[in-house]
Amino acid sequence: MNHRPELLAPAGEIESAYAAFHYGADAVYLGLRRFSARAEAVNFSPDDLGEITAYAHSLAPRRRVFVTVNTLVLQDELDDLVEALGLLSEIGVDALIVQDLGVFRIARRHFPKMELHASTQMAAHNLAGAVTLRKLGFRRVTLARELTVEEIREITLQSGIETEVFVHGALCYSYSGLCLFSSLLRDRSGNRGKCAYPCRDIYRLTSSPEATSKDGRGPRSGYAFSMKDLAIPDEVLPLREAGVSCFKIEGRKKSPLYVAAVSKYYRQILDAGVSARDRDKLEEDLQTVFSRPWTRLYSRSRFDRNVVDAGTVGHRGAPVGLVESVIGAGTGIPRLRFKTFRDLERHDGLQIDLPEIGKPFGFAVDSLKIVGKGRGVIGGNVFEAPAGSVVEVALPKETPPIPVGAPVYCSSSQQVKRDYRYSKPKPGQFRIRYPLEVTVDIAVSELNLRLRTRYPRAGDQEVEITQKMAGPFEKTKDPAKMQATARQSFEKLGDTRFCLDSFAWNNPEDLFVRVSALNELRRRAIESLDAALETAKDQALASIKTEMEPPAIAPSPIGQKESWLLKTDRVEHLAAFEEEDWRGVAEVVIDIGND
């Protein structure tokens with residue numbers, strides 16, 4: 001089919017963005033260091049944002065950069081918000097993802113060229129909501145994660161707005177953005193980008209028939225609110241056929257390695273070119289980097305209840321074997337024996353599920369030995385053991401009891417780290433530059449220079465400066481060479497924020513100008529243009545801030561007396577009022593709802 005949806009990857013830092021693009025992402029979404037729903041991610045400085053945007057736009061095919069301004073913004077933060085939106089407009093990011101309708105209104109009114117996407121934190125979960133967002137002026141809506149495939153299909157086909165769907169990553173126990181759990185318990189608001197994830201904590205169940213542990217010895221504890229991770233690879237192609245515009249991966253707090261692995265996994269699924277064997281390998285790679293148990297959530301049915309991982313919390317890894325025995329338990333160096341499902345090497349990480357301690361027990365492979373068919377160790381330490389080997393791995397001295405048959409997971413793989421390397425440019429190679437128009441008019445007595453650029457705000461506001469150079473100028477022997485030399489001079493823009501877009505050399509008398517004089521003129525003119533551009537930006541943003549100031553409230557007339565509105569549901573109470581009590585009462589309301 002012709003419809004080619006975007007694969008949208010998370011980027012909590014610039015390295016993650018490079019990894020995402022290298023492994024097939026069409027776009028990345030990221031946050032500034034303010035107004036981001038992942039305030040504790042590394043996030044992007046203005047220079048980082050300019051660099052990754054310029055890099056993305058240089059690729060073929062061109063990639064896109066979306067910026068999240070997806071927190072609720074307070075009144076006293078609006079001036080800083082305008083500064084942030086001005087920066088995003090200046091850099092030329094491809095879309096803004098917003099939650100707050102106030103932010104939407106400011107961006108829509110004052111930065112109308114900016115594409116706007118409705119964040120999943122708006123909890124758009126029906127056709128009416130998507131249609132409303134389209135009518136407001138949103139280009140795309142990120143649908144709530146809790147929808148079924150059929151509901152997504154209906155909204156996509158009938159709403160007239162691009163739809164974006166999460167396919168992988170962490171889940172919120174509530175509708176994303178509507179949970180107040182962190183605010184209530186920790187005074188850290190998820191709607192302000194500071195969720196403390198109390199849903200990942202352990203709780204005792206004390207007030208229900210299910211609260212008693214299986215052995216009847218008392219209250220049962222567990223991770224009652226800890227969601228499994230969403231993973232719907234099998235729904236990607238049906239959703240593509242339904243016309244979904246974008247498949248989104250959660251994980252702005254994850255590592256670049258995770259972003260690389262998850263981007264490659266969904267890129268190959270989306271392109272429908274991966275075999276079952278290769279897909280299994282990609283899944284295992286991803287699970288070694290980070291993986292909770294996976295759930296389809298409600299993508300196939302609202303009655304799916306297999307969505308919480310109440311027994312254990314945190315990263316598991318890829319299944320690599322089952323505990324066969326623990327040798328030397330209670331001695332100085334106990335050893336774990338198991339048959340490995342995949343290649344294993346020293347410095348890999350292993351974990352074992354131990355429900356009694358509430359989280360996996362993890363350790364690094366510092367000593368690795370292969371066990372022969374006679375159950376004896378073959379030789380000494382080896383660097384690697386192939387899949388199918390029975391191995392012995394040294395355990396830490398402080399090791400909790402490990403039951404036979406417990407699952408063993410590879411939670412960190414040196415081979416995966418080697419396999420998912422990615423390319424990136426040299427620092428400073430890419431940056432956002434303003435197009436520069438240069439016009440030079442030369443007469444015998446004077447040279448006139450005009451520089452013009454555009455400040456990419458509402459209407460690409462033009463900024464222009466002029467400079468003069470006194471003559472006299474003599475004839476040149478080679479007019480064509482003079483023009484080429486002059487152009488080369490104005491191409492030398494170095495570390496400035498400009499790049500030459502057009503060059504007009506009007507020299508009807510074929511006059512000669514020294515290159516050193518042109519270079520000095522260029523330097524002075526660029527400094528003046530730079531200052532004029534900053535002034536234009538400051539004036540434009542100041543105008544927006546002034547317009548947003550609330551109107552002054554007229555003071556109450558001097559001497560005006562207060563009046564009262566009285567409401568009661570017992571008429572007989574009014575009989576107790578004396579004349580003095582009625583003074584200032586402007587209205588009495590009788591509530592008859594309880595009669």
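Refer to the structure presented above.
Residues numbered from 1 in each chain as written. Predicted model: local features only at pLDDT ≥ 70, side-chain atom pairs only at ≥ 80, totals over all residues. Heavy atoms only, no water.

**With respect to the overall build of the chain**
Convention followed: Helix numbers and strand numbers start at the N terminus; a helix is a DSSP run of H or I with at least 4 residues, a strand a run of E with at least 2. Restricting the calculation to C-alpha atoms gives the radius of gyration, and the globule rule supplies 2.2 Å times the number of residues raised to the power 0.38. Categorising residues by exposure relies on relative accessible area from a 1.4 Å probe, with only protein chains included: less than 20% of the type maximum marks a residue as buried, more than 50% marks it as exposed, and the intermediate range marks it as partly exposed.
For the chain, the helix and strand inventory stands at 13 helices and 28 strands. A globule of 595 residues ought to have a C-alpha radius of gyration of about 25 Å, yet the chain, at 33 Å, is considerably larger. Expressed as lengths along the three principal axes of its C-alpha atoms, the size of the chain is roughly 100 × 100 × 50 Å. Looking at the chain as a whole, 48% of its 595 residues qualify as buried.

**What to know about the nonpolar core**
Applicable threshold: Buried residues of nine kinds, namely Ala, Val, Leu, Ile, Met, Phe, Trp, Tyr and Cys, make up a nonpolar core once their side-chain atoms join them within 4.5 Å. Between two residues, a contact is recorded if the distance between any of their heavy atoms is within 4.5 Å.
The biggest cluster of nonpolar side chains holds 128 residues, and the ones touching the most others in it are Leu49, Ile52, Leu88 and Leu447. The element best represented in this core is helix α13 (residues 515–548), accounting for 12 residues. Those residues in contact with Ile52 that sit more than four places away from it in its chain are Ile14, Ala17, Tyr18, Phe21, Leu30, Phe44 and Val65. Leu336, Leu354, Ala385 and Val408 belong to the second-largest nonpolar core, a separate cluster that totals 21 residues.

**Let's talk about the pattern of salt bridges**
What counts here: Whenever a carboxyl oxygen of Asp or Glu lies within 4 Å of a side-chain nitrogen of Lys or Arg, that contact is scored as a salt bridge.
Counted under the stated rule, the structure contains 44 salt bridges. Between Arg153 and Glu150 there is a salt bridge; the shortest N-O distance is 3.5 Å. With Arg153 and Glu150 both in helix α6 (residues 149–158) and three residues apart, the pair spans about one turn of that helix. The exposure class assigned to Arg153 is partly exposed, which follows from its relative accessible area of 25%. In this structure, Lys468 engages Glu446 in a salt bridge whose closest nitrogen and oxygen atoms are separated by 3.8 Å.

**A word on the sheet that holds strand β25 (residues 461–470)**
Going by this rule: When DSSP finds two or more bridges between a pair of strands, those strands are recorded as paired. The convention used is that axes are lines fitted to C-alpha atoms, helices contributing only their stretch in contact, and that angles between N-to-C directions extend from 0 to 180 degrees.
A sheet is described by the order of its strands in space; here four strands give the open sequence β25-β24-β23-β26, paired in mixed fashion. Single-partner strands in this sheet number two, and they are β25 and β26 (498–506). In this sheet, neighbouring strand axes are inclined to one another by 20° on average, regardless of whether the strands run parallel or antiparallel. Bridging between strand β23 (residues 434–442) and strand β24 (residues 446–455) involves six bridges; their strand directions are antiparallel. Within β24, the residue paired with Ile442 across the bridge is Leu447.

**Examining the state of the cysteines**
Condition: Any two cysteine sulfur atoms lying within 2.5 Å of each other are counted as a disulfide.
Under the counting rule described, the total for this entry stands at zero disulfides. Cys199 supplies the cysteine sulfur nearest to Cys195, a cysteine that is in no disulfide, at a spacing of 6.0 Å. Cys195 gets classed as partly exposed once you look at its relative accessible area, which sits at 25%. With relative accessibility at 12%, the residue Cys199 sits in the buried group.

**Let's talk about the packing of aromatic side chains**
What counts is decided by this rule: Each Phe, Tyr or Trp ring (for Trp, its six-membered ring) is paired with any other whose centre lies within 6.5 Å, and the angle between the two planes then decides the class: stacked below 30 degrees, edge-to-face above 60, tilted in between. In this scheme, the term charge over a ring applies when either NZ of a lysine or CZ of an arginine sits within 6 Å of the ring centre and within 35 degrees of the ring normal.
Inspection of the entire model under this criterion finds 17 aromatic pairs. Measuring from ring centre to ring centre gives 4.4 Å for Phe104 and Phe138, while their planes differ by 20°; the resulting arrangement is stacked. Of this pair, Phe104 sits in helix α4 (residues 101–110) while Phe138 sits in the loop between α5 (127–136) and β6 (140–142); the two residues are 34 residues apart in sequence, bridging distant segments of the chain. Accessibility expressed as a relative area gives 7% for Phe104, which makes it buried. Residues Tyr265 and Trp294 carry aromatic rings whose centres are separated by 6.3 Å and whose planes lie at 45° to one another, so their mutual orientation is tilted. Here Tyr265 is found in helix α9 (residues 256–270), whereas its partner Trp294 is found in strand β12 (residues 294–295), with 29 residues between them in sequence. A residue is classified by how much of its surface remains accessible, and Tyr265, at 0% relative accessible area, is buried. Taking the relative accessible area as the measure of exposure, Trp294 reaches 23% and is therefore partly exposed. Among the aromatic side chains, those forming a connected cluster through ring pairs are Tyr18, Phe21, Tyr55 and Phe430. In this arrangement the basic side chain of Lys254 is found over the ring face of Tyr258, its NZ or CZ atom lying 5.4 Å from the centre. Here Lys254 stacks its cationic end above the ring of Phe290, 4.7 Å away from the centre of that ring.

**A closer look at the sheet that holds strand β19 (residues 377–378)**
Spatially, β17-β16-β22-β13-β14-β21-β18-β19 is the arrangement adopted by the eight strands of the open sheet, whose pairing is antiparallel. With partners counted over all chains shown, the strands left at the sheet margins are β17 (361–364) and β19, one partner each. Of the strand pairs in this sheet, strand β13 (residues 318–327) and strand β14 (residues 335–339) are connected by four bridges, and their pairing is antiparallel. Bridging across to β14, Val326 finds its partner in Leu336.

**Section: the pairing of strand β11 (residues 246–249)**
Residues Cys246 and Lys248 of β11 are buried on one face, and the alternating residues Phe247 and Ile249, pointing to the opposite face, are buried as well. Pairing geometry for strand β1 (residues 6–10) and β11, over three bridges, is parallel. The residue of β11 that forms the bridge with Glu6 is Cys246. Where strand β7 (residues 162–169) and β11 come together, four bridges link them in parallel fashion. In the sheet register, Val165 faces β11, and the bridge partner there is Phe247.

**Regarding helix α3 (residues 78–91)**
Just so we agree on the cut-off: Here a helix's expected span is defined as the number of its residues, less one, multiplied by 1.5 Å.
Over its 14 residues, α3 extends 20 Å from the first C-alpha to the last, a length consistent with the 20 Å expected when each residue adds 1.5 Å. Listing the buried residues of α3 in full gives Leu78, Leu81, Val82, Ala84, Leu85, Gly86, Leu87, Leu88, Ser89, Glu90 and Ile91. Count one or two residues on from α3 and you reach Gly92, which has phi positive near 90°.

Nothing here speaks to function; it is geometry throughout.
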